[in-house]
Amino acid sequence: MKIKHSLLSKIDLKKSKNFTLFCDENFKIFNSKSLGNLNQKLISNLISNNKDLKSFFLHLNYSEKQNFIVVKIKKNQKSIENEKLGAKFYDFLYSNSIKETTFIDTNFLEKTLNEKFIDEFLHGIELKSYDFNKYKSKNSPSILKLNIFSNSRGFKLDRSNRFKSLISGINFTKDLVSEPGNILHPDEYAKRLTQLKKIGLKVSVYDEKQLKKMGCNALVGVGQGSIRGSYLVTLEWRGKKSNSKPLAFVGKGVCFDTGGISLKPARFMEDMTYDMAGSAVVVGLMKNLALRKSKVNAVGVVGLVENMPGGNAQRPGDIVKSYSGKTIEVLNTDAEGRLVLADAITFTEKKFKPSLIVDLATLTGAIVVALGSEYAGLFSNNDNLSKQIHEAGEKVEEKAWRLPLHSNYDKLMNSKNADMQNINYVGGAGSTTAAQFLQRFILNKTPWAHLDIAGMAFSKYAGALNSSGATGYGVRLLNKFIEDNYE
């Protein structure tokens, strides 16, 4: 749904149909003077006498032509609470088929806090209102109009910068994850990324021929069964004048994962369009940084492949030499994401010499068993980096839980025929051994964190801040991580 918001200089109570009023926990409506001829006492009594006070939203019919929606809030709410309140408000509007409402005089707090509240409230509405319906034949765009009236002089909304850029990045991520595999294959994905040059990103595309010459055989091997190409794409943002080392973000971009020769079961295979969600988060984050002119140097690197069981597909038992020079025995072609990331991580470290690397991937089903859909798995070789990511996630409710790495797990990934194997056949610790595998491709002790987002990237059910489908998990987390620690 498209959201349109505007600031009003005056209110016509007679012509407008829906009004939204904000009240405190004592059910006192703020700034009753701005309500004109509205019977303040009548509405206050209705609120006070209503027994269903657990509900955030109380729908009052003042007359046949006018509705008043009362939103209960606390003073000094945290940002995440404001956003969740906005998301819940959107659900209320949607369920009641309300397409337009006017927020009446919200200057009940100090000016700066008031603007902050409204921005965050609207942000929650925008997060919750996402809908991917471009392939429905009867797709008429739905618009929600939000009018905002305030008596505060100089009142303005930060719609043109921080929140607008963030929503643009998040929705781009959601769009990419939602696209079907026949549309967003690696060739098309790479083309879409080149269009981001228009917003100031430096985009470089390495095709299959170049990757083979470079020695990225782990990544290329995953895609060799597909008629589509395989790519490594870099997106660079220089927000600092200095040549300081960039922050690096690396994403797994398996546009469709059949499992290759180690074929997945047919049931729910259609969901494997979102196996490129890690790359989509990196792309959405980079778009957001560019749009808001972030004061940071950052680089995003994504490996784009399609894992298909074609006549030229990689076989279980094949041995490939990675970009790092280390050899990998491919025992299971459905453990492909770590092969893509192996080359992408080493390439990122060597080429950009970043101050840190964060990679994201829908990597293991084991992480869903461990953490469900509440936390991403966080693995890191650096305590401070891990702490920063964890704290940022708590603030925006894109949570990550740290799990262990230890050299004792290495023996589970050692191969008799190569430097390592791509799967642990002994059993157990599936997510940890996958992360332990990835850690071997950090060659220069760069601070590194791995986020396994398999349980977070896509949801069959709506969450507090997202609709069902692609969640965009990771964009808000990493944006907050950057804001709090590197800007």
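If you're wondering where the values come from, they're calculated on a predicted model, not measured in any experiment.

Asker: Sorry, what's going on with the overall build of the chain here?
Answerer: When its secondary structure is counted, the chain shows 13 helices and 19 strands. Per-residue burial for the chain yields a buried fraction of 57% across its 487 residues. Relative to all contacts within the chain whose residues are 6 or more apart in sequence, the contacts with residues 24 or more apart total 78%. By element, 49% of the accessible surface of the chain is carried by carbon and sulfur atoms, the whole surface being about 21700 Å².

Asker: Just checking my understanding: could you explain the sheet that holds strand β16 (residues 420-421) for this structure?
Answerer: Note: strands within a sheet are paired through backbone hydrogen bonds, in either parallel or antiparallel orientation. Read from one edge to the other, the open sheet built from three strands follows the order β11-β12-β16, with strand pairing classed as mixed. The strands lining the two open edges of the sheet, one partner per strand, are β11 (318-321) and β16. By the bridge criterion, two bridges tie strand β12 (residues 327-330) to β16 in an arrangement that is parallel. The residue bridging Glu 329 from the neighbouring strand is Gln 421, located in β16.

Asker: I would appreciate a short explanation of the pattern of salt bridges in the present structure.
Answerer: Close approach of charged atoms lets side chains of opposite charge pair. One pass over the full model with this rule turns up 24 salt bridges. Where Asp 334 meets Lys 264, a salt bridge forms, and the shortest distance between an N and an O atom there is 3.0 Å. Taken together, the residues Asp 334 in the loop between β12 and α9 (337-352) and Lys 264 in the loop between β9 (247-257) and α8 (277-291) connect sequence positions 70 residues apart. Residue classification places Asp 334 among the partly exposed residues on the basis of a relative accessible area of 25%. A salt bridge links Lys 395 to Asp 484, with the shortest nitrogen-to-oxygen separation between them at 2.8 Å. Of the two residues, Lys 395 is situated in helix α11 (residues 383-396) and Asp 484 in helix α13 (residues 475-485); the sequence distance between them amounts to 89 residues. On the basis of relative accessibility, which here comes to 45%, the residue Lys 395 falls in the partly exposed class. Note on Asp 484: relative accessible area 34%, which makes it partly exposed.

Asker: For this particular structure, what's the right way to read the pairing of β9?
Answerer: Among the 11 residues that make up β9, 11 are buried, leaving the element largely enclosed by the rest of the structure. Bridge count for β9 against strand β10 (residues 297-307) is nine bridges, and the pairing is parallel. Counterpart to Ala 248 in the pairing with β10 is Val 299. When β9 meets strand β13 (residues 356-361), the two strands line up parallel, connected through five bridges.

Asker: Any chance you could explain the nonpolar core here in plain terms?
Answerer: Counting 63 residues, the largest nonpolar core has Tyr 189, Phe 249, Val 358 and Leu 451 as the members making the most contacts within it. Non-local contacts of Phe 249, meaning those with residues more than four positions away in its chain, are made with Val 282, Leu 285, Ala 298, Val 299, Gly 300, Val 301, Val 358, Leu 478, Phe 481 and Ile 482. Tyr 206, Val 301, Val 320 and Leu 341 belong to the second-largest nonpolar core, a separate cluster that totals 42 residues.

Asker: Explain the packing of aromatic side chains to me, please; I cannot follow it from the model alone.
Answerer: Where two aromatic rings form a pair, the distance of their centres and the angle of their planes describe that pair. What the rule picks out here adds up to 13 aromatic pairs. With a centroid separation of 5.4 Å and an interplanar angle of 70°, the aromatic rings of Tyr 206 and Phe 347 are classed as edge-to-face. One end of the pair, Tyr 206, is in strand β7 (residues 202-206); the other, Phe 347, is in helix α9, and 141 residues separate them in sequence. Taken together, the aromatic side chains of Phe 89, Phe 103, Phe 117 and Phe 121 make up a single cluster linked through ring pairs. It is Lys 326 that lies over the ring of Phe 441; its NZ or CZ is 6.0 Å from the centre. Stacked on the ring of Tyr 375, the Lys or Arg Lys 399 has its end atom at 5.2 Å from the ring centre.

Asker: Would you explain the environment of Leu 405 in this entry?
Answerer: Topologically, Leu 405 is positioned in the loop between β15 (400-402) and β16. The residues touching Leu 405, leaving out its near neighbours within four places in the chain, are Phe 379, Ser 380, Thr 432, Ala 435, Gln 436, Gln 439 and Trp 448.

Asker: What's the story with the pairing of β11 in this structure? I'm lost.
Answerer: Two faces, one strand: in a regular strand the side chains alternate between the faces of the sheet. Side chains of β11 alternate between two faces, with Asp 318 and Val 320 buried and Ile 319 and Lys 321 left unburied. Pairing geometry for β11 and β12, over four bridges, is antiparallel. Its bridge partner being in β12, Lys 321 is matched across the sheet by Thr 327. The hairpin turn running from β11 into β12, its antiparallel successor, is five residues long, and Gly 325 in that turn takes a positive phi close to 100°.

Asker: Looking at this model, I keep getting lost on the side chain of Arg 192. Mind explaining?
Answerer: Relative to the helices and strands, Arg 192 is located in helix α5 (residues 186-194). Residue Arg 192 is classed as buried on the basis of its relative accessible area of 16%. Once you skip the residues sitting within four places of it in the chain, Arg 192 turns out to touch Leu 176, Glu 179, Ile 183 and Leu 184.

Asker: What exactly am I supposed to notice about the sheet that holds strand β8 (residues 231-238) here?
Answerer: Taken together, eight strands build an open sheet; the order of strands is β7-β8-β10-β9-β13-β17-β14-β15 and the sheet is mixed. At either margin of the open sheet sits one strand with a lone partner, and together these are β7 and β15. The average angle at which neighbouring strand axes cross in this sheet is 20°, direction not considered. Across five bridges, β13 lies against strand β17 (residues 448-452) in parallel orientation. Bridged to Asp 359 within β17 is His 450. Across the face of the sheet, α9 comes into contact with β7, β8, β9, β10, β13 and β17 while running at roughly 155° to β9. Each of β13, β14 (376-380) and β17 touches helix α12 (residues 430-439); the most contacted strand, β17, lies at about 145° to it.

Asker: Whenever I open this one, the packing of α11 against α13 confuses me. Can you help?
Answerer: To characterise two packed helices, one gives the angle between the axes of the helices and the distance between these axes. Contact geometry of α11 with α13 gives a least axis separation of 8 Å together with a crossing angle of 115°. Note on packing geometry: the crossing formed by α11 with α13 is right-handed. Counting all contacts with α11, which are made through Leu 385, Gln 388, Ile 389, Ala 392, Gly 393, Lys 395 and Val 396, the residues of α13 involved are Arg 476, Leu 477, Lys 480, Phe 481, Asp 484 and Asn 485. Across the contact of α11 with α13, the residue classes break down as six nonpolar, three polar and four charged.

Quick notes on the rules
- Residues numbered from 1 in each chain as written.
- Predicted model: local features only at pLDDT ≥ 70, side-chain atom pairs only at ≥ 80, totals over all residues.
- Heavy atoms only, no water.
- Helix = DSSP H or I, 4+ residues; strand = E, 2+ residues; numbered from the N terminus.
- Buried < 20%, exposed > 50% of the residue type's maximum accessible area, 1.4 Å probe, protein only.
- Contact = heavy atoms within 4.5 Å.
- Areas by Shrake-Rupley, 256 points an atom, 1.4 Å probe, with all protein chains shown as cover.
- Pairing = 2+ DSSP bridges.
- Salt bridge = Lys/Arg side-chain N within 4 Å of Asp/Glu carboxyl O.
- Core = buried A, V, L, I, M, F, W, Y, C linked by side-chain atoms within 4.5 Å.
- Phe/Tyr/Trp six-rings, centres within 6.5 Å; stacked < 30°, edge-to-face > 60°.
- Lys NZ or Arg CZ within 6 Å of the ring centre and 35° of its normal.
- Axes fitted to C-alpha atoms, helices over the stretch in contact; angles between N-to-C directions.
- Left-handed = near helix turned anticlockwise from the far one by under 90°.
- Nonpolar A, V, L, I, M, F, W, Y, C, P; charged D, E, K, R; others polar.

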